Amino acid sequence: MRGKLFIISGPSGVGKSTILKEILKDEQLVFSISTTTRKQRKGEVAGRDYVFIDAAEFEAKINQKEFLEWAKVHGHYYGTTKKWVEDILDNGRDVLLDIDVQGALNLRKILDYGVFVFIMPPSVEELRRRIKERKTETAKSLARRIVNAEGEIAKRNLYDYIVVNDILEEAILSLQELIAKARIV
Ligand code: 5GP
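Counting from 1, residues in each chain are numbered in the order their sequence is written. Confidence filtering applies because this is a predicted model: local features only for residues at pLDDT of at least 70, side-chain atom pairs given and counted only at 80 or more, and all residues used for totals across whole chains, interfaces and linings. Side-chain metrics rest on all non-hydrogen atoms present in the structure, leaving aside hydrogens and water.

1. A short note on the nonpolar core
Side chains of a nonpolar character, in soluble globular proteins, are inclined to be buried together. Filter applied, for reference: Put simply, a nonpolar core is a bunch of buried Ala, Val, Leu, Ile, Met, Phe, Trp, Tyr and Cys residues held in one set by side-chain atoms that sit within 4.5 Å of each other. Relative accessibility under 20% of the residue-type maximum defines a buried residue, over 50% an exposed one, and the middle range a partly exposed one, all with a 1.4 Å probe and only protein chains included. The criterion used for residue contact is that any of the two residues' heavy atoms lie within 4.5 Å.
In terms of nonpolar packing, the biggest core is built from 23 residues, with Ile8, Ile19, Ile23, Val117 and Leu175 touching the most fellow members. Ile23 has contacts with Leu29, Leu96, Ile172, Leu175, Gln176 and Ile179, leaving out every residue within four places of it along the chain. Grouped together as the second largest cluster of nonpolar side chains are 20 residues, Leu5, Ile7, Ile88 and Leu105 included.

If you want it as structure tokens, here you go:
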């Protein structure tokens, strides 16, 4: 049987990577490593978190139609490699995409499958606090991420499921439950 595709979005700082780290302990589920032109952050591993390339290389891949979807987020390119995702699904394992709202909505238009999940912060103020705490952003990029978050939150109803990350353990459990449910149908 072909694997299931899970598309997860949520604003930067919502705690998505913490949630996904737990979710990905499930060996049936494979994380799709995106390609990006943004700079590698401290603690990130190239080839595990992202494939880091420059804009010219990214644009060449767009022209060669290597991406299932791609988008420009916070001024940088991000894309999902088509062949890789399709091979895993064909091999019967499930794939998890962590992509932004533009990318997810593009996929909605071109795919007739996929489970779309939006992860919400309890409030925008709480989101601002979490991003500041992470200390990875300048004031300018923090402001940009907050504006972007508000735009993304406004589109949450276009997803199949919304999970609020207020209490981490509960958010993880909700996501695990909906993944289990999607596998039965
Ligand atoms: P970050 O720079 O914080 O790792 O990610 C910024 C945003 O880019 C997040 O919302 C993340 O979900 C999104 N993103 C990561 N990879 C992809 C991708 O391959 N495609 C799209 N459309 N968005 C992505």
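2. Details of helix 5 (residues 124-134)
So the rule is basically this: To qualify as a helix, a DSSP run of H or I must reach at least 4 residues; to qualify as a strand, a run of E must reach at least 2; elements of each kind are numbered from the N terminus. Arc definition: it is the arc formed by the directions from the helix axis to the C-beta atoms.
For helix 5, the complete set of buried residues consists of Leu127, Arg130 and Ile131. On an axial view of helix 5, the arc spanned by its buried residues comes to 95°, and they lie on one face. Among the exposed residues of helix 5, those oriented more than 90 degrees off its buried face are Glu125, Lys132 and Glu133. As for helix 5, its buried residues are in contact with helix 6 (139-153). Of the residues flanking the end of helix 5, it is Lys135, one or two places downstream, whose phi is positive at about 55°.

3. Some remarks on the site of the ligand
Note the cut-off: One heavy atom within 4 Å of a molecule or strand makes the whole residue count as near it. Within 3.5 Å is the distance limit for a polar contact, defined as a pair of N or O atoms, with the added protein rule that one can donate a hydrogen and the other accept it, and that residues adjacent in sequence qualify only through two side-chain atoms. A 1.4 Å probe and the Shrake-Rupley method give the accessible areas. Residues count as covered only by the protein chains that appear here. Think of a 1 Å grid over just the protein atoms. A cavity is a set of points where a 1.4 Å probe fits yet cannot get out, a pocket is an open set with protein on both sides within 12 Å along at least five of seven lines, and lining residues have an atom within 4 Å of a point. Each molecule is assigned to a cavity or pocket provided more than half of its atoms lie within 2 Å of the corresponding grid points. Any residue that is not Ala, Val, Leu, Ile, Met, Phe, Trp, Tyr, Cys, Pro, Asp, Glu, Lys or Arg is counted as polar, Gly included; the first ten are nonpolar and the last four charged.
Neighbouring the ligand are 18 residues, the closest being Arg38, Tyr50, Tyr78, Asp98 and Asp100. A distance of 3.3 Å is found between an oxygen atom of the ligand and a side-chain nitrogen or oxygen belonging to Thr80. About the coverage of the ligand: the protein hides 95% of its 510 Å² of free accessible area. Mapping the ligand onto the cavity grids shows that it belongs to the largest pocket. When contributions to the shell around the ligand are tallied by element, the ones reaching two or more residues are strand 5 (67-73) and strand 6 (76-81). Class assignment for the residues of the shell around the ligand results in 5 nonpolar, 6 polar and 7 charged.

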